[in-house]
Amino acid sequence: MSSCQNKTGSIQNIKRKAKICAVVWTIIYVLLLPLLSYFALFSAMIFDNPHLSIPKGLSIIFSISLIPLSLPVSIDLMWSSYVCQEYGKTLFFWSIPWLTLIAVVALDPIIRFL
């Protein structure tokens, strides 16, 4: 009987932690979305450099645009997994925009080098 209560308490603890993370990250991402969207729009100014080719510039613009696009995807995945009671996935999906940012920062020098 005691182990059943511990398991229920552990599930409730994970559920509470997942809900708090989902709420906090949703608020943060909603506040960051306009700022990062403008940042992506202003990335077109990369063509001010006359030595940059069009394919390189478009690939940089595309990669930078992935960051604000990942925010609503992350919010949707967080809340979808929370509703389906997949709390481990909920705790993972908040990191999608950060993983996208890391990928973009890693790809930027590679794109510029090519």
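Heads up: the structure comes first, above all this text.
The text that follows walks through the structure, step by step, so that each part is easy to find. Only a predicted model underlies this, so the values are computations on that prediction, with no experimental measurement involved. (Residues numbered from 1 in each chain as written. Predicted model: local features only at pLDDT ≥ 70, side-chain atom pairs only at ≥ 80, totals over all residues. Heavy atoms only, no water.)

## Observations concerning the side chain of Thr90
Selection rule: Helical segments are the DSSP runs of H or I of at least four residues, strand segments are the runs of E of at least two, and each set is numbered from the N terminus. Only heavy atoms matter for contacts: two residues are in contact if any of them lie within 4.5 Å across the pair.
Checked against the element boundaries, Thr90 lands in helix H3 (residues 87–93). If we skip the residues at most four places from it in the chain, Thr90 touches Ala18, Ala22, Met78, Ser81 and Tyr82.

## Regarding a nonpolar patch on the surface
Just so we agree on the cut-off: Here a patch means residues that are over 30% exposed by relative accessible area and free of salt bridges, tied together within 9 Å if like-charged and within 5 Å if nonpolar (Val, Leu, Ile, Met, Phe, Trp, Tyr). For every accessible area listed, the method is Shrake-Rupley and the probe measures 1.4 Å; residues are considered covered only by the protein chains on display. Every case where a carboxyl oxygen of Asp or Glu lies within 4 Å of a side-chain nitrogen of Lys or Arg is listed as a salt bridge.
On the surface, Tyr38, Leu41, Phe42 and Met45 cluster together into a nonpolar patch covering about 500 Å² of accessible area. Relative to the elements of secondary structure, Tyr38 occurs in helix H1 (residues 2–42).

## Digging into the packing of helix H2 (residues 54–83) against helix H4 (residues 96–113)
Counted only if it meets this: Angles run from 0 to 180 degrees between N-to-C directions of axes, and those axes are lines fitted to C-alpha atoms, restricted for helices to the stretch in contact. If an angle is under 35 degrees, it is roughly parallel; if it is over 145, roughly antiparallel; if it lies from 65 to 115, roughly perpendicular; otherwise it is oblique. As a working rule, the residues Ala, Val, Leu, Ile, Met, Phe, Trp, Tyr, Cys and Pro are called nonpolar, Asp, Glu, Lys and Arg charged, and the rest polar, with Gly in that last group.
At their nearest, the axes of H2 and H4 sit 9 Å apart, and the two run at 175 degrees to each other. In terms of their interaxial angle, H2 and H4 are classed as roughly antiparallel. Touching Lys56, Ser59, Ile60, Ser63, Ile64, Leu66, Ile67, Ser70, Leu71, Ser74 and Leu77 of H2 are Ile96, Pro97, Thr100, Leu101, Val104, Asp108, Ile111, Arg112 and Phe113, all from H4. Of the residues assigned to the contact of H2 with H4, the class counts are twelve nonpolar, five polar and three charged.

## Observations concerning H2
Put simply, the test is: The span expected for a helix works out to 1.5 Å for each residue beyond the first. The seven residues ending at a residue and the seven starting there each receive a fitted axis; the angle between those axes is the bend at that residue.
Over its 30 residues, H2 runs 44 Å from end to end, which matches the ideal 44 Å to within 8%, given 1.5 Å per residue. Most pronounced at Leu69, the bend in H2 amounts to some 30 degrees, and the proline Pro72 follows within four residues. After H2 finishes, the residue Gln85 shows a positive phi value of roughly 60 degrees.

Honestly, that's just the spatial picture; any functional story needs more than this.
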